Amino acid sequence: MQWTGVFPAATTQFAPDLSIDFAATQKVLDNLIGDGVHGLTIMGTCGENNSLEPDEKLKVLAAACETAKGRVPVIVGVSELTTPRAVKFAADAARIGADALMVLPAMVYVPKEAELVAHLKAVAAASDLPIMLYNNPTAYRVNISMDVLRELTDVETIVAVKESSANTRRYTDVVNAFGDRYIMMAGLDDVAFEGLTLGAAGWISGLTSAFPQESVELVEALQKGNMARALEIYRWFMPLLHLDAEHDLVQSIKLAEQIMGRGNERVRMPRMPLTGARRAEVTAMVEKAAATRPSAR
């Protein structure tokens, strides 16, 4: 498992009746691989994990593994209401062929730190797959604190942290506290540049689903030390990257995919497609970005 480069937080595609469109989902994933991404993150927030039934999750993962065919690693989200459900899904994911797990705190309930540690350890014990913890305190009301990370240092399969807080100090704090024990991954699009320059090994990205080539070039420019080119792309990208920090990020990203001819905007309730002024606003942003995108070099 190589934790470097761009890993789009891929969407799950739905048919008009809102059943899963497996062919369309596989096409989205295959196109992203063709555009040079370094891995796939499926069934995270953008993949609408919690809008899928248990059997659907297994089928989506199997379809993703079939599409990837070992060309890039597949990281799958583990996002469940209870610890036993999370444990079962982690074991099933290993059996089906996932390369790594992105593990969230249990949904809805806000745990005490001892409960959070117990949950994460239980999921880790369900398989030998490497694990990336998903820290998103704004969305999920749970912060994976330094004390929690300290309690998990002896769990060998927990190797990475997706940092989706806006607190860029966390990158330095984690390194200062734990050295190279945890691989840091930038997880919030509109502070991705900051995270990558502060030591993140890669980027779990929402807007890559709409603009994969620019996302890959941004990371590669930073890897090559071409700060000027990286900033040029980042500044062009920023209006769209801000969408990743909004509550309607899934609808916005799917609409952007649709405008760019890369997928459709259908979502499952309680989410609904954007309408009115918000739809017009996001559409204008995507169209402007498409018209002014940096030329490939």
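Our subject is the structure listed above.
Residues numbered from 1 in each chain as written. Predicted model: local features only at pLDDT ≥ 70, side-chain atom pairs only at ≥ 80, totals over all residues. Heavy atoms only, no water.

1. Focus on the pairing of strand S5 (residues 131-135)
Quick note on the threshold: For the exposure calls, accessible area comes from a 1.4 Å probe over protein chains only, and a residue counts as buried if that area is under 20% of its type's maximum, exposed if over 50%, partly exposed in between. Helix and strand definitions follow DSSP, with helices as H or I runs of at least four residues and strands as E runs of at least two, each counted in order from the N terminus. Here, any two strands with at least 2 DSSP bridges between them count as paired. Look down the strands so they point away from you; if going from the first strand over the helix to the second traces a clockwise path, that crossover is right-handed.
Most of S5 is tucked away, with 5 of its 5 residues classed as buried. Covered by surrounding structure in S5 are Ile131, Leu133 and Asn135 together with Met132 and Tyr134, the residues of both alternating faces. The sheet contact formed by strand S4 (residues 100-103) and S5 spans 3 bridges and is parallel. Along S5, the bridge assignment pairs valine 103 with leucine 133. With helix H4 (residues 113-124) bridging S4 and the parallel S5, this β-α-β connection has right-handed handedness.

2. Some words on helix H12 (residues 276-292)
Residues three or four positions apart in an α-helix share a direction because the helix packs 3.6 residues into each turn. Threshold: Take the residue count of a helix, subtract one, and multiply by 1.5 Å to get its expected span. When we speak of the arc, we mean the arc of directions from the helix axis to the C-beta atoms. Should any heavy atoms of two residues lie within 4.5 Å, those residues are considered in contact.
The end-to-end C-alpha separation of H12 is 25 Å, in line with the 24 Å expected for 17 residues at 1.5 Å each. The set of residues buried in H12 consists of Val282, Thr283, Val286 and Ala289. Looking down the long axis of H12, one finds its buried residues gathered within 130° of arc, a one-sided arrangement. Exposed side of H12, more than 90 degrees from the buried face: Gly276, Ala277, Lys288 and Ala291 are the residues found there. For H12, the secondary structure elements touched by its buried residues are helix H10 (227-241) and helix H11 (249-259).

3. Quick word on the nonpolar core
Heads up, the rule is: To form a nonpolar core, buried Ala, Val, Leu, Ile, Met, Phe, Trp, Tyr and Cys residues must be joined to one another through side-chain atoms within 4.5 Å.
Counting 86 residues, the largest nonpolar core has Ile42, Leu61, Val76, Leu101, Leu152, Trp203 and Phe211 as its most contacted members. Counting residues per element, this core draws most heavily on H10, at 8 residues. In this structure, Met132, Tyr134, Tyr140 and Ile204 belong to the second largest nonpolar core, which totals 14 residues.

4. Quick word on the packing of helix H1 (residues 22-34) against helix H2 (residues 54-68)
Put simply, the rule is: Simply put, an axis is a line fit to the C-alpha atoms, just over the touching stretch for a helix, and the angle between two N-to-C directions goes from 0 to 180 degrees. Oblique is the label for any angle not covered by the other classes, which are roughly parallel (under 35 degrees), roughly antiparallel (over 145) and roughly perpendicular (65 to 115). For any pair of crossing helices, the crossing counts as left-handed if the nearer helix is rotated counterclockwise from the farther one by less than a right angle, and right-handed if it is rotated clockwise. Under the convention adopted here, Pro, Cys and the residues Ala, Val, Leu, Ile, Met, Phe, Trp and Tyr are nonpolar, Asp, Glu, Lys and Arg are charged, and Gly plus all remaining residues are polar.
Two elements in contact, H1 and H2, have axes separated by 9 Å at closest approach and are oriented at 40°. Relative to H2, the element H1 is oriented oblique. Crossing geometry of H1 relative to H2 is assigned as right-handed. Residues Phe22, Gln26, Leu29, Asp30 and Ile33 of H1 form the contact with H2, whose own contacting residues are Lys59, Val60, Ala63, Ala64, Glu66, Thr67 and Ala68. Class assignment for the residues of the contact of H1 with H2 results in 7 nonpolar, 2 polar and 3 charged.

5. Describing the packing of aromatic side chains
Spelled out, the test is: Each Phe, Tyr or Trp ring (for Trp, its six-membered ring) is paired with any other whose centre lies within 6.5 Å, and the angle between the two planes then decides the class: stacked below 30 degrees, edge-to-face above 60, tilted in between. A positively charged side chain is recorded as over a ring if its NZ (Lys) or CZ (Arg) lies within 6 Å of the ring centre. The angle to the ring normal must also be within 35 degrees.
Across all of its chains, the model carries 6 aromatic pairs by this definition. An aromatic cluster is built from Phe211, Trp236 and Phe237, whose rings are joined through pairwise contacts. The aromatic ring of tyrosine 134 is capped on one face by lysine 162, whose charged end is 3.9 Å from the ring centroid. A cation over a ring is seen here: arginine 181 above tyrosine 182, with NZ or CZ 4.5 Å from the ring centre.

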